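Coordinate inspection notes
What follows is each chain in one-letter form.
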Amino acid sequence: MTLEIIGITVLWTFLFGYILIGAIDFGAGFFNAYSRITAHEHTLTKIIQRYLSPVWEVTNVFLVFFFVGIIGFFPKTAFYYGTTLLVPVSIGIVLLAIRGSYYAFETYGARGHKGYSFMYGLAGILIPASLSIVLTISEGGFISMVDGNPVLDYWMLFTSPLTWAVVVLSIAATLYISATFLTWYANKARDPEATDLLRKYALVWSLPTAITAGGIIFELRRHNPAHYVNIQDFWPMFLISALMFIGTVWLLWKRQKYGWAFILLIGQFIFAFYGYGASHYPYLLYPYLTIYDSFTNPAMAISLIVAFILGLGLLIPSIVLLMRLFLFDKDYVRGKGDYHA
Amino acid sequence: MGNEEAVFYSRVLTELTLSFHIIYATIGVGVPLMIMIAQWVGIKKNDEHYILLARRWARGFIITVAVGVVTGTAIGLQLSLLWPNFMELAGNVIALPLFLETFAFFFEAIFLGIYLYTWDRFENQKKHLLLLIPVAVGASFSAVFITMVNAFMNAPRGFDISNGELININPLLAMFNPAMPTKVAHVVVTAYMTAAFVLAAIAAFRLLKGSNHVYHKKALYLTMKIGLVFAIAAAIVGDFSGKYLAEYQPEKLAAAEWHFETEENAPLIMYGVLDDGEVKYAIKIPFGLSFLAHSSFTAEVVGLDQFPEDEVPPLYIHYLFDLMVTIGVGMIALAGIYWIGMKRRWKIIHAKWFRWLIVLGGPLSIIAIEAGWWLAEVGRQPWVLRGLMRTEDAATTSGQVDLMLILFALLYLILGVGSVVILTRMFRKNPVEQEIEDRETEKGGDVL
Ligand code: HDD
Ligand code: HEM
Ligand code: HEM
């Protein structure tokens with residue numbers, strides 16, 4: 001394994017972590033807002049808040065880790081992506097800021113404020129849409145070089161079917177992941193009403209997720225034939241992913257083993273995400289930037305990897321503690337103790 | 001939009017974001033330590049008031065953390081969006097502390113979540129206090145690491161450039177550059193000082209507004225004492241910062257002190273205005289600058305005459321320097337008088353006007369933080385990396401920076417107003433007298 005591959009694997013893993021727990025987080029905010037509007041409030045709000053409250057800040061750090069890490073391992077990305085992504089990423093930042101702060105305002109300061117929960121619910125669902133545009137742009141074709149500087153063609157970006165397929169996928173997948181997780185969590189909390197409602201949401205969003213995922217591969221054939229050909233080399237991964245997807249939906253449908261349903265869902269996304277990532281290799285940005293020509297110097301790479309390993313030694317026990325206290329602690333999940341400051 | 005405009009708006013946007021973030025970041029660095037001290041004192045003295053103090057501070061802290069986190073995320077991304085050329089180079093040399101910073105955040109975020117949701121969950125209060133240590137350590141280390149990056153911008157080390165290529169890169173040397181010790185120490189110490197005086201201001205304000213509860217008096221005494229210690233430390237480290245500048249960035253010191261000609265026995269110029277290159281109405285302290293810069297009354301101090309005109313920083317940083325130092329010395333005096341007054345039972349420290357001064361001390365400390373950063377950053381101009389890369393060469397070529405500036409200005413307005421509204425509402429709805437009463441009934445009345 002070269003240093004380049006180690007670097008990109010670490011970053012891709014953290015991006016996956018962000019997408020997974022971010023999706024749970026954003027989707028939950030959306031369901032929370034939605035349930036207030038449709039008067040399902042009592043059923044859902046408690047479940048959602050109990051899960052979300054202690055972990056929201058951790059979610060954000062995954063994102064920070066990813067974008068700081070990519071500048072560290074692949075400094076040239078700052079030049080290409082930094083210059084071109086000003087507008088889409090700025091919009092993403094604003095949404096993240098509204099979402100994070102209003103979540104805290106509502107939860108700790110103004111419990112039950114409808115306007116606040118609506119704001120963070122809506123902002124949360126737009127975040128995946130705005131950040132996923134970066135993946136679309138990485139497929140190439142939207143950036144051209146003018147006087148040695150990269151320039152993004154907005155018109156082309158916003159009229160491309162690929163863009164919109166990715167946007168829809170990101171929203172559908174967010175809601176699907178979140179609903180499936182919360183079904184399990186609600187079931188664990190012994191709240192049958194909430195479980196039922198969330199199970200319904202999960203099933204509703206499963207189909208759009210599958211359809212758009214397929215649609216994107218189809219779109220790629222036109223947009224980036226080279227990548228499309230690569231993807232076919234990884235067909236077993238996508239096949240496993242599809243089977244796991246069917247498994248999740250089956251279990252949800254049969255109201256059985258929600259824990260397994262969620263584990264299969266993680267598997268589904270792992271295979272699809274790493275399959276996609278591997279087929280993207282070696283490009284970070286078609287056709288300008290590969291992981292090799294953008295890589296940092298060996299001294300920095302090695303020190304980052306050493307820092308990463310030491311850091312993990314600190315983080316993994318802490319995360320285990322967090323999960324034991326809030327995710328797997330029966331009393332906490334069932335709301336028996338409220339120890340909030 | 002030509003690139004000059006892109007540079008201009010990128011600067012304004014960076015200045016805006018950092019100036020906003022630093023308020024919440026400073027509180028984020030300092031307050032966990034204050035909570036820790038209060039809870040520790042509470043456990044030691046078995047005094048429920050201090051525990052409640054810690055608890056209420058922690059509640060308010062959540063709101064400022066939230067804004068600190070989201071604005072920090074903004075500046076982190078904006079560095080790449082607005083200064084892509086700088087970040088490309090920085091990524092090669094100084095990425096290590098940036099990366100380490102994310103671990104500090106991680107650590108802080110995880111334990112903050114645990115700490116907030118485990119009040120009274122443990123039989124032994126000390127266990128709960130232990131959970132706060134990683135929060136305080138994480139917050140302070142995030143300041144340490146990010147300040148290392150900033151120190152690198154002032155004294156770039158740890159690499160060589162040959163034919164436009166970076167060679168001999170040494171990430172550790174880049175981290176531990178000459179600007180690092182004083183900068184890191186000054187930033188961390190002033191954050192503690194500011195947090196203490198902001199909390200003192202709140203306590204004094206409650207006392208002025210009619211609540212005469214001992215809870216507020218204990219809070220005031222504790223925070224003023226802590227504030228005094230860190231204010232003295234800030235001045236001492238500030239003096240070292242000046243000596244660092246004299247050795248490594250003499251142009252910044254000379255511009256801050258309006259020291260135009262290289263000379264021995266240099267006087268220190270305080271206050272005054274600059275009129276057509278002439279200093280007026282200033283207080284001159286003979287030999288002061290020589291002493292500040294080199295600890296010797298007769299030493300030679302490099303003046304601005306040694307630098308080409310286009311490398312001299314803007315001279316208005318003198319006002320910022322004066323503002324910061326005046327506030328620093330003023331706060332030492334105020335907290336010192338309060339402390340001695342408490343020991344000697346002086347009346348004036350209970351006077352209304354004195355308490356109003358304490359209230360003022362909170363915002364003033366934050367102003368000193370802002371002035372300090374503007375001094376440090378404007379004083380580095382025209383360089384983004386001193387001696388290596390000019391700010392104008394580092395900026396983006398994107399044409400939409402002006403629009404983004406408006407977008408972010410609106411965002412910070414919403415966040416700023418929102419956080420203040422929520423904080424006041426939170427504590428209005430649940431005044432401390434009420435909470436003490438509630439807890440008494442809860443515990444059967446024999447606690448307080
Ligand atoms: C409450 C805030 C506060 C207070 C009271 C002081 N400072 Fe300060 N100062 C800062 C907050 C600050 C800061 C915000 O933390 C800065 C900005 C960048 C940095 O490294 O620290 C800073 C920078 C800074 C610099 C520039 C360092 C550089 O660019 O490398 C000098 C020379 C001093 N300070 C000196 C002093 C002195 C002699 C003080 C005497 C009382 C003082 N400061 C009080
Ligand atoms: C948080 C406290 C900080 C504040 C309030 C602050 C403020 C400022 C100000 C006022 C300038 C403008 C100088 C000028 O244009 O004349 C500036 C420049 C700059 N600072 Fe800082 N700064 C802070 C910390 C940092 C840190 C820690 C970094 C890097 C890691 C940094 C990176 C930059 C960059 C890249 C510039 C050049 C762009 C510009 O001139 O605006 N700053 N900062
Ligand atoms: C260019 C300069 C800076 C960058 C890029 C930056 C980056 C960030 C980021 C990404 C976060 C959010 C992390 C999370 O998700 O938890 C954050 C928060 C924070 N920053 Fe900054 N920051 C800068 C300047 C500073 C300075 C100068 C200080 C200290 C003096 C500071 C102290 C903090 C603290 C303590 C937090 C945690 C939030 C809180 O507790 O309020 N930052 N920063």
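Before any of the text, the structure's been laid out above.
Now for a quick tour of the structure. (Residues numbered from 1 in each chain as written. Chains lettered and ligands numbered in written order. Predicted model: local features only at pLDDT ≥ 70, side-chain atom pairs only at ≥ 80, totals over all residues. Heavy atoms only, no water.)

On to the interface of chain B and chain A. In this assembly, 65 residues from chain B lie in contact with 68 residues from chain A. Carbon and sulfur atoms make up 78% of the surface buried where chain B meets chain A, a total of about 6,200 Å² over both sides. Our enumeration of links across chain B and chain A arrives at 0 salt bridges. One can count 3 residue pairs in polar contact (both at pLDDT 80 or more) joining chain B with chain A. Elements with a minimum of two residues in the side of chain B that touches chain A: α2 (48–82), α3 (84–93), α4 (95–116) and α14 (401–429) of chain B. Looking at the side of chain B that touches chain A element by element, the count peaks at 17 residues for α4 of chain B. Taken together, the residues of the side of chain B that touches chain A break down into 43 nonpolar, 15 polar and 7 charged. (Contact = heavy atoms within 4.5 Å. Buried area = accessible area lost by both parts, 1.4 Å probe. Salt bridge = Lys/Arg side-chain N within 4 Å of Asp/Glu carboxyl O. Polar contact = N/O pair within 3.5 Å; in protein donor to acceptor, adjacent residues only side chain to side chain. Helix = DSSP H or I, 4+ residues; strand = E, 2+ residues; numbered from the N terminus. Nonpolar A, V, L, I, M, F, W, Y, C, P; charged D, E, K, R; others polar.)

Next up on the list: the site of ligand 3. Around ligand 3 lies a shell of 27 residues, among which Asn60 of chain A together with His21, Gly72, Phe105 and Glu108 of chain B are the nearest. Between ligand 3 and the protein, one listed contact pairs an oxygen atom with a side-chain N or O atom of Asn60 of chain A at 2.7 Å. Note that an oxygen atom of ligand 3 is positioned 3.2 Å from one of the side-chain N or O atoms of Glu108 of chain B. Sorting the residues of the shell around ligand 3 by element identifies α3 (56–73) of chain A together with α1 (3–45), α2, α4 and α5 (125–154) of chain B as the ones contributing at least two each. The greatest single-element share of the shell around ligand 3, amounting to 9 residues, is contributed by α2 of chain B. A class-by-class count of the residues in the shell around ligand 3 yields 16 nonpolar, 9 polar and 2 charged. (Near = heavy atom within 4 Å.)

Residue and element names in this part refer to chain B. Taken together, 20 residues lie around ligand 2, and Arg11, Glu15, Trp83, Trp374 and Glu377 are the ones closest in. Here an oxygen atom of ligand 2 and a side-chain polar atom of Arg11 are 2.8 Å apart. For ligand 2, an oxygen atom lies 2.9 Å from a polar atom in the side chain of Glu15. For the shell around ligand 2, the secondary structure elements donating two or more residues are α1, α5 and α12 (352–378). The element that contributes the greatest number of residues to the shell around ligand 2 is α1, accounting for 6 residues. Split into classes, the residues belonging to the shell around ligand 2 amount to 11 nonpolar, 5 polar and 4 charged.

Before going further, it helps to spend a moment on the coordination of the iron atom of ligand 2. Protein coordination of the iron atom of ligand 2 is limited to a single donor, Glu377 of chain B (OE), which sits 2.0 Å from the metal. Checked against the element boundaries, Glu377 of chain B lands in helix α12. (Donors = N, O, S within 2.8 Å, 3.2 Å for Na, K, Ca; no water.)

Let us look at the coordination of the iron atom of ligand 1. All names here are of chain B. Donor atoms from the polypeptide that bind the iron atom of ligand 1 are His186 (NE2) and Met324 (SD), placed at 2.1 to 2.5 Å. Each of the 6 donor atoms bound to the iron atom of ligand 1 contributes to angles spanning 81 to 180 degrees, and the resulting shape is octahedral. Of the two residues, His186 sits in helix α7 (residues 180–208) while Met324 sits in helix α11 (residues 317–344), which places them 138 residues apart along the sequence. An identical accessibility class is assigned to His186 and Met324; each is buried. (Tetrahedral: all angles 85-135°; square planar, octahedral: opposite > 155°, others 65-115°. Buried < 20%, exposed > 50% of the residue type's maximum accessible area, 1.4 Å probe, protein only.)

What follows covers the packing of aromatic side chains. Residues and elements named next belong to chain B. In this structure the tally under the stated criterion is 51 aromatic pairs over all chains. On the basis of an interplanar angle of 20 degrees and a centroid distance of 5.4 Å, the ring pair of Tyr244 and Tyr248 is categorised as stacked. Here Tyr248 and Tyr244 lie together in helix α8 (residues 214–248), a separation of 4 residues that amounts to about one turn. The buried category is assigned to Tyr244, whose relative accessible area is 10%. Over the ring of Phe291 we find Lys243; its NZ or CZ atom is 5.8 Å from the centre of that ring. (Phe/Tyr/Trp six-rings, centres within 6.5 Å; stacked < 30°, edge-to-face > 60°. Lys NZ or Arg CZ within 6 Å of the ring centre and 35° of its normal.)

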